[in-house]
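The chain contents come next:
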Amino acid sequence: MAGTGTDDRILDIWVRVSTRLHSEIGEAAFQSWLKPMIVHEVADGQVRLSVPTRFMRDWIVAHYVDRLAELWTEEDGGSHTIDIVVQPDRALASKKPVVSAPAPAEAPSAPSASEKSTCMGRGPVRSTGSVSGDISAPLDPRCNFDDFVVGKPNEFAYAASRRVAEATAEGRRAPFNPLFLYGGVGLGKTHLMHAIAWHIRQQAADRNVIYLSAEKFMYRFIRALREQNTVDFKERFRSVDVLMIDDVQFISGKESTQEEFFHTFNALVDQGRQIVISADKSPSDLEGMEERLISRLNCGLVADIHATTYELRLGILQSKAEHMGVEVPSPVLEFLAHKVTANVRELEGGLTRVVAHAELVGRPITIETTQEVLHDLLRANDRRVTIEEIQKRVATHFNIRMSDMSSARRARSVARPRQVAMYLAKQLTARSLPEIGRKFGGRDHTTVMHAVRKVEELREHDHSFNEDVDLLRRMLET
Ligand code: ADP
Ligand code: MG
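What counts and what doesn't
Residues numbered from 1 in each chain as written. Chains lettered and ligands numbered in written order. Predicted model: local features only at pLDDT ≥ 70, side-chain atom pairs only at ≥ 80, totals over all residues. Heavy atoms only, no water. Helix = DSSP H or I, 4+ residues; strand = E, 2+ residues; numbered from the N terminus. Buried < 20%, exposed > 50% of the residue type's maximum accessible area, 1.4 Å probe, protein only. Axes fitted to C-alpha atoms, helices over the stretch in contact; angles between N-to-C directions. Parallel < 35°, antiparallel > 145°, perpendicular 65-115°, else oblique. Left-handed = near helix turned anticlockwise from the far one by under 90°. Contact = heavy atoms within 4.5 Å. Nonpolar A, V, L, I, M, F, W, Y, C, P; charged D, E, K, R; others polar. Expected span 1.5 Å × (residues − 1). Arc of directions from axis to C-beta. Near = heavy atom within 4 Å. Polar contact = N/O pair within 3.5 Å; in protein donor to acceptor, adjacent residues only side chain to side chain. Areas by Shrake-Rupley, 256 points an atom, 1.4 Å probe, with all protein chains shown as cover. Domains from an automatic or database assignment. Phe/Tyr/Trp six-rings, centres within 6.5 Å; stacked < 30°, edge-to-face > 60°. pLDDT = per-residue confidence, 0-100. Salt bridge = Lys/Arg side-chain N within 4 Å of Asp/Glu carboxyl O. Lys, Arg positive; Asp, Glu negative; His and termini not counted.

Engineer: Can you help me understand the overall build of the protein chain in this one?
Structural biologist: A tally of regular secondary structure across the protein chain gives 21 helices and 9 strands. Within the span of the protein chain, comprising 478 residues, buried residues form 51% of the whole.

What follows is the structure in C-alpha cells.
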C-alpha cells in the first residue's frame, strides 16, 4: 500500500480533518452525517471512507466530499481524493483496523468501530463502558433525554424514566422497581431506555448499567447453557446497578429463558438493584408469560406510552428538523403531523426522506413535493383505521348503539354486530387479541378469538351476511 501510513498516523489526520469540518458545519450536521463515517485506508492518494447507508453516502458526496478532500490534502500533504463506500454492517464487514470520526469532546467514552447502531438504525454507537461493556449493547448517543420530545402521550413514561436515571446516578433507590415501559412500536421505549443509560453514564460513570434486548439476553443465556457456565452468566447480571431489558415480549413462551429471567430478576430486585423493562404490551397482556413473572412485573411501576397526538407529532418534527439543521416550512410539518400518524419512527423517516429529496434535487420543500416523495407512506397511513372507527361504522350499519360495543348485553341483535366489529378489528388493525378485547368492554382475548371464528364460519354459509361484512370492510378501507 504505497503512500499508506500507520493506522495511528491515519487516525491522527482523521481527527484533525473531522475536527475542522465539525467546527465548519456545526454540531447537528456533524452528528447526522459525519460521525457515522469510518476511515478504512489511505492508499495512493485515495482516502476510503465508509458509511452505513446509500442515502448517507449520496448526501455526503453532494455536500461534504470536496471539502473533505481539501482538508485531507491540507493535513496530509500531497493530493487526495475521497472514496465513500456503503457498508451496512461495518462491524462484520471489516477485518482491518478502522477508525470512526472522533466524537465531540463531551463524549463519555471513545467510539469504537466495531459497534452497531440500535436505537434508530443509524449513526454511531458506543458501548456503555468498561464494566458492562462486554455484555451491554451499544447506545445511540442521540437517544438521550434532551432529544426526547415530551407530550401528553409519553409524559408519564418520560417522568418515570427520568426518576430512575436521576435516583441511580445519585446513588438512591427509585421509589419503584421494576419500571415497566410499554407501548406500540416506534413510540420511544428504546429511546427512553438509552436515555436512562446515558444519563447515568454521564452523571456517575462508575455505575454498572446493562442495556440488552430480550433477544440478546436469551441468546446469551442459551449460549451460557451450552457452554455450561451459567454461574458466570448470573454473576455478570448480579453485579449491575441497573439492568434494562428491551422488548421482553420476545421472551414470552420461552420457558427456560423465562425461568432464568425470573431468577435473575428476583435476585436483583431483592438486592435493591434497579430493573427497567420494556414491552409492546402491558404485563397482563403478554401472551405466554408466566403468572408469577407477570405479578412481579406488575409490582413496580407500569407506565404506558400512548399513541402520538397531533401536537406531539408536530413538536417532534420541529425538533428533528432543527437538529438536521434544515428549514422546513410550517405547513409541510403540519401536513406530515396530520398524515403520518402511525408512530414516531415513520414520522422521522418521512421527514428525512422529504429533506433529502429536496436537497438532492435542489428544489424547495412544499406540500406537493412531500406528497410526491411520500406517496407510499401516506397511502399506508390513510388506510389505517382505528377500532373506534370500526365500532362506530358497524354500530351505524346494524343500527345499534355505540355503547353496546362494550356493554354486557348478549342479545343476538347486539352480540352479532359486536362480533363483526371484533372480526374487522382483527382484520384491519395490527392490534392483538387482548388489546381488541379491552376495547370491547374489557372482554377476554378468547372471546375475540371466538368472534373471529364465528364470523368466518358465518361468512362461508350465509351469503347476505358475507356481503354485509364485505361492504363494511370496503367502506372502512377507503
Ligand atoms: P420503540 O422502542 O418504542 O419501538 P424507539 O424508541 O426506537 O421506539 O423510537 C423510534 C424512533 O422515534 C427513534 O428514532 C426515537 O428516537 C424516535 N422517538 C420516539 N419518541 C420520540 C420523542 N418523544 N421525541 C423524539 N424522538 C422520539
Ligand atoms: Mg424498541
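Engineer: Help me understand the packing of helix H12 (residues 310–324) against helix H13 (residues 330–339), please; the structure alone is not making it clear to me.
Structural biologist: Two measures define how a pair of helices packs: the angle their axes make with one another and the distance between the axes. Contact geometry of H12 with H13 gives a least axis separation of 9 Å together with a crossing angle of 135°. Considering the angle they form, H12 stands oblique to H13. Considering only the axes of H12 and H13, their crossing is right-handed. Each of Tyr310, Arg313, Leu314, Leu317 and Gln318 in H12 lies in contact with H13, whose residues at this interface are Leu333, Glu334, Leu336, Ala337 and His338. A class-by-class count of the residues in the contact of H12 with H13 yields 6 nonpolar, 2 polar and 2 charged.

Engineer: I would appreciate a short explanation of the packing of helix H18 (residues 412–428) against helix H21 (residues 463–477) in the present structure.
Structural biologist: Two elements in contact, H18 and H21, have axes whose closest approach is 11 Å; the angle formed by their N-to-C orientations is 50°. On the basis of their axis angle, the class for H18 and H21 is oblique. Crossing geometry of H18 relative to H21 is assigned as right-handed. Packed against H18, whose contacting residues are Arg416, Val420, Tyr423, Leu424, Gln427 and Leu428, the element H21 presents Phe465, Val469, Leu472, Arg473, Leu476 and Glu477 at the interface. Partitioned by chemical class, the residues of the contact of H18 with H21 number 8 nonpolar, 1 polar and 3 charged.

Engineer: Is there a simple way to think about helix H8 (residues 214–226) in this case?
Structural biologist: Within an α-helix, residues lying three or four positions from one another point in the same direction, as the helix has 3.6 residues per turn. Its 13 residues place the ends of H8 18 Å apart at the C-alpha level, agreeing with the 18 Å of an ideal helix rising 1.5 Å per residue. Within H8 the residues assigned to the buried category are Ala214, Phe217, Met218, Arg220, Phe221 and Ala224. Within H8, the buried residues cover an arc of 165° as seen down the axis, which keeps them to one side. Buried residues in H8 make contact with strand E6 (209–213), helix H9 (230–238), strand E7 (242–246) and helix H10 (255–270).

Engineer: For this particular structure, what's the right way to read the site of ligand 1?
Structural biologist: Of all residues adjacent to ligand 1, which total 19 residues, the nearest are Val149, Gly186, Thr190, His191 and Glu348. A distance of 2.8 Å is found between a nitrogen atom of ligand 1 and a backbone nitrogen or oxygen belonging to valine 149. Here ligand 1 has 550 Å² of accessible area as a free molecule, and 98% of this is covered by the chains. Listed by contribution, the elements that provide at least two residues to the shell around ligand 1 are helix H7 (189–203), H12 and helix H14 (344–361). Among the residues making up the shell around ligand 1, the classes are represented as 8 nonpolar, 6 polar and 5 charged. Taken domain by domain, the shell around ligand 1 gets at least three of its residues from each of domain 2 (155–305) and domain 3 (310–382).

Engineer: For this particular structure, what's the right way to read the environment of arginine 163?
Structural biologist: Within the element layout of this structure, arginine 163 appears in helix H6 (residues 155–169). In this structure the C-alpha to C-alpha distance between arginine 163 and phenylalanine 176, which are 13 residues apart in sequence, comes to 9.4 Å. In this view, arginine 163 contacts Pro175 and Phe176; residues no more than four positions away in its chain are not counted.

Engineer: How do you make sense of the packing of aromatic side chains when you look at a structure like this?
Structural biologist: Given two aromatic rings, their pairing is described by the distance between the two centres and the angle made by the two planes. Within the structure shown, the criterion is met by 5 aromatic pairs. Taken together, a centroid distance of 5.8 Å and an interplanar angle of 5° make the contact between phenylalanine 148 and tyrosine 158 stacked. In this pair, phenylalanine 148 sits in the loop between strand E4 (99–100) and H6 while tyrosine 158 sits in helix H6, placing the two residues 10 residues apart along the sequence. One aromatic cluster is present, formed by Phe145, Phe148 and Tyr158 through successive ring pairs.

Engineer: I would appreciate a short explanation of the confidence of the model for the protein chain in the present structure.
Structural biologist: As a general rule, the predicted coordinates of low-pLDDT regions are not to be interpreted in detail. Looking at the protein chain, pLDDT values average 83 and 88% of them are 70 or higher. Scored below 50 in pLDDT, residues 1–5 shows 10 contacts in the model against residues more than four places distant or in partner chains. Note on residues 91–98: pLDDT under 50 across the span, and 15 contacts to partners over four residues away in sequence or across chains.

Engineer: Explanation requested: the environment of phenylalanine 156 in the structure shown.
Structural biologist: Tracing the chain through its elements places phenylalanine 156 in helix H6. As a C-alpha pair, phenylalanine 156 and isoleucine 305 span 149 residues in sequence and 7.8 Å in three-dimensional space. Ignoring anything within four residues of it in the chain, the contact list for phenylalanine 156 reads Leu301, Val302 and Ala303.

Engineer: Please explain the pattern of salt bridges as it appears in this structure.
Structural biologist: Taken as a whole and assessed by the stated rule, the structure comprises 22 salt bridges. Among the salt bridges present, the one from glutamate 75 reaches arginine 20, with a minimum N-O distance of 2.9 Å. Of the two residues, glutamate 75 sits in helix H4 (residues 65–76) while arginine 20 sits in helix H1 (residues 7–25), which places them 55 residues apart along the sequence. By relative accessible area, arginine 20 is classed as partly exposed at 27%. Of the charged contacts, one joins arginine 296 and aspartate 270 as a salt bridge, the two residues approaching to 3.7 Å between their closest N and O atoms. Of the two residues, arginine 296 sits in helix H11 (residues 291–299) while aspartate 270 sits in helix H10, which places them 26 residues apart along the sequence. Looking at aspartate 270, the relative accessible area reads 59%, which means it is exposed. Within this structure, Asp12, Arg16, Arg20, Glu74 and Glu75 form a network of salt bridges that share partners.

Engineer: Is there a simple way to explain H11 in this structure?
Structural biologist: Every buried residue of H11 is accounted for by Leu293, Ile294 and Leu297. In an axial view of H11, the angular spread of the buried residues amounts to 100°, which keeps them on one side of the axis. Residues of H11 that are exposed and point more than 90 degrees away from the buried face comprise Glu291 and Cys299. Taken together, the buried residues of H11 touch strand E5 (179–183), H10, strand E8 (274–279) and strand E9 (301–305).

Engineer: Any chance you could explain the side chain of arginine 443 here in plain terms?
Structural biologist: Relative to the elements of secondary structure, arginine 443 occurs in the loop between helix H19 (433–439) and helix H20 (445–461). The charged side chain of arginine 443 is buried without a salt bridge, its nearest counter-charge being aspartate 404 at 8.5 Å. Polar side-chain contacts of arginine 443 include one of 3.0 Å to the backbone oxygen of phenylalanine 440. For arginine 443, the contacting residues outside a window of four places in its chain are Met405, Ser406, Ser407, Ala408, Arg409, Arg418, Met422, Gly437 and Arg438.

Engineer: Would you mind showing me how to read unusual backbone geometry here?
Structural biologist: Excluding glycine, residues mostly have negative phi values, and the peptide bonds linking residues are mostly trans. With omega at 0°, the peptide bond leading from asparagine 177 into proline 178 counts as cis. If you trace the backbone, proline 178 turns up in the loop between H6 and E5. The phi torsion at aspartate 247 lies on the positive side, around 60°, for a residue other than glycine. Along the polypeptide, aspartate 247 turns up in the loop between E7 and H10. Take aspartate 247: its relative accessible area is 22%, and that puts it in the partly exposed class. A positive phi angle, near 60°, is found at asparagine 399, a position not held by glycine. Tracing the backbone shows asparagine 399 in the loop between helix H17 (387–398) and H18.

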